[in-house]
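# Survey of secondary and tertiary structure
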There are 2 protein chains.
Amino acid sequence: MADKSFDVVGIGNAIVDIIARCDDGFLSKHDLAKGAMRLIDAEEANRLYSAMGPAVERSGGSVANAIAGLASFGAKCGFIGRVAADQFGGIFRHDIRSLGVAYDTLPASDGAPTARCLILVTPDGERTMNTFLGASVDFQPEDLELELIGAAKIVYLEGYLFDRDAAKAAFREAARAAKEAGAKVALTLSDAFCVDRHRDDFRALVQHGADIVFANEKEITSLYQVNSFEEAADLAMNDCEMAVLTRSEAGSIIVAGGETIEIEAENARVVDLTGAGDLYSAGFLYGLTHGASLRECGRLGSLAAAEAISHIGARPEISLQKLARDNGLLPH
Amino acid sequence: MADKSFDVVGIGNAIVDIIARCDDGFLSKHDLAKGAMRLIDAEEANRLYSAMGPAVERSGGSVANAIAGLASFGAKCGFIGRVAADQFGGIFRHDIRSLGVAYDTLPASDGAPTARCLILVTPDGERTMNTFLGASVDFQPEDLELELIGAAKIVYLEGYLFDRDAAKAAFREAARAAKEAGAKVALTLSDAFCVDRHRDDFRALVQHGADIVFANEKEITSLYQVNSFEEAADLAMNDCEMAVLTRSEAGSIIVAGGETIEIEAENARVVDLTGAGDLYSAGFLYGLTHGASLRECGRLGSLAAAEAISHIGARPEISLQKLARDNGLLPH
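Within each chain, residue numbers correspond to sequence positions counted from 1 in written order. The naming scheme follows written order: chains are lettered A onward, ligands numbered 1 onward. Selection of residues for local features in this predicted model requires a pLDDT of at least 70, selection of side-chain atom pairs for listing and counting requires 80 or more, and totals for whole chains, interfaces and linings are taken over all residues.

### Observations regarding the overall build of chain A
- Counting secondary structure elements, chain A contains 13 helices and 14 strands.
- Radius of gyration: over C-alpha atoms. The globule rule applied is 2.2 Å multiplied by the number of residues raised to the 0.38 power. The C-alpha radius of gyration of chain A comes to 18 Å, within 12% of the 20 Å expected for a compact globule of 332 residues.
- Expressed as lengths along the three principal axes of its C-alpha atoms, the size of chain A is roughly 50 × 45 × 40 Å.
- A residue is called partly exposed when the number of other C-beta atoms within 10 Å of its own lies between 12 and 20, exposed at 12 or fewer, and buried at 20 or more, with C-beta atoms placed from the backbone. Scored against the burial criterion, the 332 residues of chain A give a buried share of 55%.
- In chain A, the share of contacts with a sequence separation of at least 24, taken over all contacts with a separation of at least 6, comes to 76%. Only DSSP runs of H or I with at least four residues qualify as helices, and only runs of E with at least two residues qualify as strands; both kinds are numbered from the N terminus onward. Throughout, a pair of residues is in contact if the C-beta atoms placed from their backbones lie within 7 Å.

### So, the relation of the copies chain A and chain B
- After a rotation of 180° and a shift along the axis of 0.0 Å, chain A superposes on chain B with an RMSD of 0.0 Å. Such a turn and shift between the copies fits a two-fold axis. Minimal C-alpha distance to the rotation axis in chain A is attained by Glu57 of chain A, lying at 2.4 Å.
- A symmetric contact is evident, with 100% of the interface residues of chain A recurring at the interface of chain B. Residues reaching a pLDDT of at least 70 in both copies supply the C-alpha atoms on which the copies are superposed by least squares.

### With respect to the sheet that holds strand β10 (residues 184-188) of chain A
Residue and element names in this part refer to chain A.
- The nine strands are arranged β6-β5-β1-β9-β10-β11-β12-β13-β14 in an open sheet whose pairing can be described as mixed. Of all the strands in the sheet, the pair left with one neighbour each is β6 (102-103) and β14 (259-263).
- When DSSP finds at least two bridges between two strands, those strands are taken to pair. Across five bridges, strand β9 (residues 152-158) lies against β10 in parallel orientation. Looking at the pairing, Ile154 lines up with Lys184 of β10.
- Sitting on the sheet, helix α3 (residues 62-73) touches β1 (6-11), β5 (77-80), β9 and β10, and the angle it makes with β1 is about 160°. Between N-to-C directions, angles cover 0 to 180 degrees, with each direction set by a line fitted to C-alpha atoms, over the stretch in contact for helices.

### A few points about the interface of chain A and chain B
- Counting residues at the interface gives 18 residues for chain A, matched by 19 residues for chain B.
- Taken together, the elements giving at least two residues each to the side of chain A that touches chain B come down to β4 (56-60) and α4 (87-97) of chain A.
- Per-element tally for the side of chain A that touches chain B: the top contributor is α4 of chain A, with five residues.
- Counted by class, the side of chain A that touches chain B contains eight nonpolar, five polar and five charged residues. Amino acids are sorted into nonpolar (Ala, Val, Leu, Ile, Met, Phe, Trp, Tyr, Cys and Pro), charged (Asp, Glu, Lys and Arg) and polar (every other residue, Gly among them).

### Here's the deal with the confidence of the model for chain A
- Per-residue confidence from the predictor is reported as pLDDT, a score between 0 and 100. When the pLDDT values of chain A are averaged, the result is 95; 99% of them are 70 or greater.
- Interface predicted TM-score (ipTM) for the complex: 0.93; the corresponding pTM is 0.95.

### Observations regarding the sheet that holds strand β5 (residues 77-80) of chain B
All names here are of chain B.
- Strand order in the open sheet formed by nine strands is β6-β5-β1-β9-β10-β11-β12-β13-β14, and the pairing between neighbours is mixed. Each end of this open sheet is capped by a strand with a single partner; those strands are β6 (102-103) and β14 (259-263).
- The strands that helix α6 (residues 165-180) touches are β1 (6-11), β9 (152-158) and β10 (184-188); relative to β9, the one it contacts most, it runs at about 165°.
- Against the sheet, helix α12 (residues 294-308) touches β13 (252-256) and β14, its axis set at about 35° to β14.

### Considerations on the nonpolar core
- In terms of nonpolar packing, the biggest core is built from 232 residues, with Ile67 and Val155 of chain A together with Ile67 and Val155 of chain B touching the most fellow members.
- With sequence-adjacent residues up to four places away left out, Ile67 of chain B is seen in contact with Val8, Gly10, Cys77, Phe79, Ile96 and Val101 of chain B. One nonpolar core equals one set of buried Ala, Val, Leu, Ile, Met, Phe, Trp, Tyr and Cys residues connected by C-beta atoms within 7 Å.

### Re helix α9 (residues 217-224) of chain A
Residue and element names in this part refer to chain A.
- Residues of α9 that are buried: Glu219, Ile220, Thr221, Ser222 and Leu223.
- Where the residues of α9 are buried, they touch α7 (192-197), α8 (199-208), β11 (212-216), α10 (229-239) and β12 (242-246).
- Looking one or two residues beyond α9, the residue adopting positive phi is Gln225, at roughly 50°.

### Here we look at the pairing of β9 of chain B
Residue and element names in this part refer to chain B.
- For β9, a buried count of seven out of seven residues is recorded, marking the element as mostly surrounded by other parts of the structure.
- The pairing of β1 with β9 spans five bridges and is parallel. Counted as the bridge partner of Ile11 is Leu157 from β9.
- Look down the strands so they point away from you; if the path from the first strand over the helix to the second goes clockwise, the crossover is right-handed. Following the backbone out of β9, through α6 and into the adjacent parallel β10, one traces a crossover that is right-handed.

### Quick look at the packing of helix α11 (residues 276-288) of chain B against α12 of chain B
Residue and element names in this part refer to chain B.
- The interhelical angle for the contact between α11 and α12, taken along N-to-C directions, is 145°, at an axis separation of 7 Å. α11 and α12 meet at a crossing whose hand is right-handed. Residues Ala276, Leu279, Tyr280, Ser281, Ala282, Gly283, Phe284, Tyr286, Gly287 and Leu288 of α11 form the contact with α12, whose own contacting residues are Glu296, Cys297, Gly298, Leu300, Gly301, Ser302, Leu303, Ala304, Ala305, Glu307 and Ala308.
- Of the residues belonging to the contact of α11 with α12, the class tally is 13 nonpolar, six polar and two charged. Here is the rule for handedness: rotate from the far helix to the near one, and if that takes an anticlockwise turn smaller than a right angle the crossing is left-handed, while a clockwise turn gives right-handed.

### Comments concerning unusual backbone geometry
Residue and element names in this part refer to chain A.
- Phi is positive for Asp31, which is not a glycine, with a value near 60°.
- Residue Asp31 is classed as exposed on the basis of its 7 C-beta neighbours within 10 Å.
- Positioned with a positive phi, Ser190 is a non-glycine residue whose angle comes to about 75°.
- Structurally, the position occupied by Ser190 is in the loop between β10 and α7.

### A short note on the environment of Phe171 of chain B
- With respect to the secondary-structure elements, Phe171 of chain B resides in helix α6.
- Other than its neighbours up to four places away in sequence, Phe171 of chain B contacts Leu157, Leu161 and Leu205 of chain B.

### Focus: the environment of Arg164 of chain A
Residue and element names in this part refer to chain A.
- Examined against the element boundaries, Arg164 turns out to sit in the loop between β9 and α6 (165-180).
- Each C-alpha atom of the pair Arg164 and Ala292 lies 35 Å from the other, and the pair is 128 residues apart in sequence.
- Beyond its immediate sequence surroundings of up to four residues, Arg164 is in contact with Val137 and Phe139.

### Structural notes on helix α12 (residues 294-308) of chain A
Residues and elements named next belong to chain A.
- Here the expected length of a helix is defined as 1.5 Å per residue gap, with one fewer gap than residues. Taking 1.5 Å of rise per residue, 15 residues should cover 21 Å, and α12 covers 21 Å from first to last C-alpha, within 8% of that figure.
- With respect to burial, α12 is a largely interior element, twelve of its 15 residues being buried.
- Burial in α12 covers these residues: Cys297, Gly298, Arg299, Leu300, Gly301, Ser302, Leu303, Ala304, Ala305, Ala306, Glu307 and Ala308.
- Packed against the buried residues of α12 are α3, β13 (252-256), β14, α11 (276-288) and α13 (320-326).

Below, the structure is given as structure tokens:
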């Protein structure tokens, strides 16, 4: 991976999270499947927002969160994703750029507003997400910055973008460009319902486009339509170079080169699970681009995930580089 | 105070806070006086925002925070303050309404955007505020909802609004309307520099318009241009019915009817001092409108302030009613 000036370039939804606490009764009343992500239109976004309690706004987006985590570890990163020229777009742009991440996607000056995700956090820390994709919807091959992609060691793709055909086409193009430039392609499956909606396309990308696949238990069993995690892991081993499978408090496993490595979860006080998977992949990819062993990659992932779930909001609130050093996972 | 359907109606700036952590070096580099509030224009707001780290957005505004706190105690409240018809205005409106607060000020459809306050929190928990007043600037007598004011037991005025002449005129009008309707007028001095800029007008309002004055040590000594807190407290006793003077970790004193009551501060882990004074007044005014003794009012204030400083952001993250019950300050 010589001559690569970026460790990881992410392509994903550019979203501002609107986070409020609620009780389980609120989820039932509004027919929301706890722990899942659903897509909503502008009207439903307004309706649900009116019903929600007071909220906090923070930049979000699955792969964007991972990129923010990578930057907090000290990685050199870029991000590609579409916002509108509005105040939420300004928040997203500021937050990611202030971390030193290269982010130059032009904001759309007309059309839908910047994407927002209404996140409801129940007392158990579980998050239920309602996403209005707004300006993110129109992501298409023309938005790809091929030069940035070519300068990355790893290009990290967000499964959520699969909900739009143009974005799907952009993904295939990004994967092609990445391979051509000698970059690895990483993919997160994002959400079991999203996998369910686009199973064939996900399978094709896992088999032919992605080198590294991130998924949780529900996502990987949904991808292969099998009942057990072990079966799914075996199938993933055949399909791609490396599968990194997370199981919440049961830790994670890394399946690569015929080997299976088990990693324990870090202890953490769960406040808000938003971003746990995103930050796990941040730690993992930081390790992978900095010469760590696969076991060390997994431990960096667990550590970053534990930080993310200890507070409201997905992005790290402290320096992950310092946290990793203090935990003996990076040299001082 | 019979026939009053609102406990407290607040009049203040309608602001969205943009909160980021920074070190002391950042304050020096940008010539910022730690702990103070300064007014900035749009250009400086953009410059400083670009230089700041990743941020969190939350509704703010001094008296608006107090009203949010009062609502969290279970009080019936209203708020008057001006936003623009933009996304930040939408955040402000949603957050205060979702607490059950009556808020019907029409958003301005042209002119400056919604006010925002860039808040820098240093590792010691101190906050340094940089406010772009935006749409709040144009607050004027026509924005007063006299019916709402007339229905309040207490009308609570924000000293920060004194920085604009039209708003100052609106304050005098609000105080007059409140008195006419048999409501008490409470005033917060807001900031020592603000007092310094408008000392004569503040003194006149304290002597002739306000029944209850909230101030911290710096503000009250600045108002009377004296060196000691005790001197200032004596002068305040002559000027108004009740002065409530806060001294951070040294607690607070209530000066009323010739008496001086000392209240201890609650123990709290300081994360971010933003909103400490606002939430103190929330607890105090809740007690005052619900038959508590002055000592109980002060203890409710200390309790709410302690909650506010234990997390990033000014507004309460838990139910203050429940907190007060759990601490034996309100009946179960």
